[in-house]
Amino acid sequence: MNFLLAHGPAILFYLLAVVAVVGGLGVVTLRNPMYGAVALLTTFLAVAALFILRHAEFLAAVQIFVYGGGILVLFLFVIMLMNLQRLPQEERYVEGAPFALAVVVLLGVMLGVLLAAARFLGAGSNPAALTSVEGQVAGNTEAVAVSLYRNYLLPFEIASIFLLVAMIGAVVLARRD
Amino acid sequence: MVITTTHFLILSLTLFVIGLAGVVLRRNLITVLMSIELMMNAVNLNFIAFSWQFSDLAGQIFAIFTITVAAGEAAVGLGLLVALYRLRGSVNLDAATELEG
């Protein structure tokens, strides 16, 4: 019990990390995109749980709503629109896949080396800053809301215009004419 | 055992590389779009990790905007995919070789 209390977050992190990576590998390797979408969902949920470990409770909820509830359902709808009968005969990977994979892995190793050399200051010295408004202890949602509507109002409005444009664009693209 | 930001960055790097491999390697364009979503998620994980590291909310705000852009990108990308499927009857990469690419 003491072991669990002391190492709970670490155990949770490793568990969720494994789930997220396995889900990601599923997306890339599974032949049927329907199964890939389900694998993607497990990754999204694991990442949402990881957000909570870093005091981003509001973002975790947004992740589940927008990714799990919105984007993934959109993907599933499009997959269901397509005829997947010919899928078993289709090649899964592009020509020259081993070479491409080698380049991707090399990029990963290079980034990993950079990461190993990096040192960061301040290791979560003041997590209360993520859950307080003007020094008063509130919730993460309140803190995000105040920051979003006070300091980032213009980007917020631009994002709404962007969503409108994307919506119109998607409708025009997918329209039958 | 303490989970540091480096742990999160390594996980994020792993997810990003897996997503990149999916974008580069797969022929099915739906899977390619899903891999892009995976990469965006890895980036969000970075933002959240650094938000905690520096005790600054800006990272979380930026992650919200990333999610917004990801949603728009998915909508437009899937719209393009549906248009391609109407045109060619397939979402395979080989169906889109009009530019001889």
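As a convention, each chain's residues are numbered from 1 in the sequence order in which they are written. As they are written, the chains are lettered A onward and the ligands numbered 1 onward, keeping that order. Reporting of local features is limited, given that this is a predicted model, to residues whose pLDDT is at least 70; pairs of side-chain atoms are given and counted only at 80 or more, and all residues count toward the totals for whole chains, interfaces and linings.

K.L.:
Just checking my understanding: could you explain the nonpolar core for this structure?
P.N.:
Think of a nonpolar core as buried Ala, Val, Leu, Ile, Met, Phe, Trp, Tyr and Cys residues chained together by C-beta atoms that fall within 7 Å. Exposure classification rests on a simple neighbour count of other C-beta atoms within 10 Å of a residue's own: a residue reaching 20 or more is buried, one at 12 or fewer is exposed, and one in between is partly exposed. C-beta atoms are placed from the backbone. Grouped together as the largest cluster of nonpolar side chains are 69 residues, with contacts concentrated most on Leu59(A), Ile30(B), Leu45(B) and Ile48(B). Helix numbers and strand numbers start at the N terminus; a helix is a DSSP run of H or I with at least 4 residues, a strand a run of E with at least 2. At the level of secondary structure, the elements contributing two or more residues to this core comprise helix 1 (2-29), helix 2 (33-53), helix 3 (57-81), helix 5 (140-150) and helix 6 (153-174) of chain A together with helix 1 (5-25), helix 2 (29-53) and helix 3 (58-88) of chain B. An automatic or database domain assignment supplies the start and end points of every domain. Looking at which domains feed residues into this core, each of domain 1 (1-84) and domain 2 (130-177) of chain A gives three or more. Remark: residues whose backbone-derived C-beta atoms lie within 7 Å of one another are considered to be in contact. If we ignore the near neighbours within four places in the chain, the residues touching Leu59(A) are Phe51(A), Ile48(B), Gln60(B), Ala63(B) and Ile64(B).

K.L.:
In this structure, what is going on with the confidence of the model for chain A? I would like to understand it.
P.N.:
Detailed reading of the predicted model is not advised wherever pLDDT is low. Scored from 0 to 100, pLDDT reflects the predictor's confidence in each residue. Here chain A shows a mean pLDDT of 87. Residues at 70 or above account for 97%. Across chain A, the element-wise mean pLDDT spans from 77 in strand 2 (residues 136-137) of chain A up to 93 in helix 2 of chain A.

K.L.:
Whenever I open this one, the packing of helix 2 of chain A against helix 2 of chain B confuses me. Can you help?
P.N.:
For any two helices packed against each other, the geometry is given by the interaxial angle and the distance between the axes. Comment: axis = line fitted to C-alpha atoms, over the contacting stretch for helices; angle = value between 0 and 180 degrees taken between N-to-C directions. Running from N to C, helix 2 of chain A and helix 2 of chain B point in directions that differ by 5 degrees, and their axes come no closer than 11 Å. Between helix 2 of chain A and helix 2 of chain B, the interaxial angle falls into the category roughly parallel. Facing helix 2 of chain A, whose interface residues are Pro33(A), Gly36(A), Ala37(A), Leu40(A), Thr43(A), Phe44(A), Val47(A), Leu50(A) and Phe51(A), helix 2 of chain B presents Ile30(B), Thr31(B), Met34(B), Glu37(B), Leu38(B), Asn41(B), Leu45(B) and Ile48(B). With respect to orientation, any angle under 35 degrees is reported as roughly parallel, any angle over 145 as roughly antiparallel, any angle of 65 to 115 as roughly perpendicular, and every other angle as oblique.

K.L.:
Sorry, what's going on with the interface of chain B and chain A here?
P.N.:
By a frequent convention, interface size equals the accessible area lost on bringing the separate parts together. Listed per partner, the contact involves 63 residues of chain B and 72 residues of chain A. Elements with a minimum of two residues in the side of chain B that touches chain A: helix 1, helix 2 and helix 3 of chain B. Per-element tally for the side of chain B that touches chain A: the top contributor is helix 3 of chain B, with 20 residues. Charged means Asp, Glu, Lys or Arg here, nonpolar means Ala, Val, Leu, Ile, Met, Phe, Trp, Tyr, Cys or Pro, and polar covers whatever is left, Gly included. When the residues that make up the side of chain B that touches chain A are grouped by side-chain class, the tally is 40 nonpolar, 19 polar and four charged.

K.L.:
Is there a simple way to explain the environment of Phe62(B) in this structure?
P.N.:
Residue and element names in this part refer to chain B. You can see Phe62 is positioned in helix 3. Taking the number of C-beta atoms within 10 Å as the measure of exposure, Phe62 has 18 and is therefore partly exposed. Along the backbone, Phe62 and Arg26 are 36 residues apart, and their C-alpha atoms lie at a distance of 30 Å.

K.L.:
Looking at this structure, how should I read the domain arrangement of chain A?
P.N.:
Residues and elements named next belong to chain A. Here chain A is partitioned into domain 1 (1-84) and domain 2 (130-177). The C-alpha-based centres of domain 1 and domain 2 are spaced at 22 Å. Contact residues are listed per partner, giving four residues for domain 1 and five residues for domain 2. A breakdown of the residues in the side of domain 1 that touches domain 2 according to their chemical character gives two nonpolar, one polar and one charged.

K.L.:
Explain helix 1 of chain A here, please?
P.N.:
Residue pairs spaced three or four apart in an α-helix point in one direction, given the helix's 3.6 residues per turn. Multiplying 1.5 Å by the helix residue count minus one yields the expected span of that helix. Spanning 28 residues, helix 1 of chain A covers 40 Å between terminal C-alpha atoms, matching the ideal 40 Å at 1.5 Å per step. The axis of helix 1 of chain A is deflected most strongly, by about 65 degrees, at Gly8(A), and proline Pro9(A) appears within four residues downstream. Every buried residue belonging to helix 1 of chain A is among Phe13(A), Leu16(A), Ala17(A), Ala20(A), Gly23(A), Gly24(A), Val27(A) and Val28(A), and all of these are buried. Buried-residue contacts for helix 1 of chain A involve helix 2 of chain A together with helix 1 and helix 2 of chain B. Note that bend, as reported per residue, equals the angle between axes fitted to the 7 residues terminating at that residue and the 7 residues originating from it.

K.L.:
In this structure, what is going on with unusual backbone geometry? I would like to understand it.
P.N.:
Trans is the common state for peptide bonds, and a negative phi is the common state for residues other than glycine. At His55(A), a position not held by glycine, the phi torsion is positive, near 60 degrees. Relative to the assigned elements, His55(A) resides in the loop between helix 2 and helix 3. Take His55(A): there are 23 C-beta atoms within 10 Å of it, and that puts it in the buried class. Of note in the backbone geometry, Ser55(B) takes a positive phi value of approximately 50 degrees without being a glycine. Under the C-beta neighbour-count criterion, Ser55(B) is labelled partly exposed, with 17 such atoms within 10 Å.

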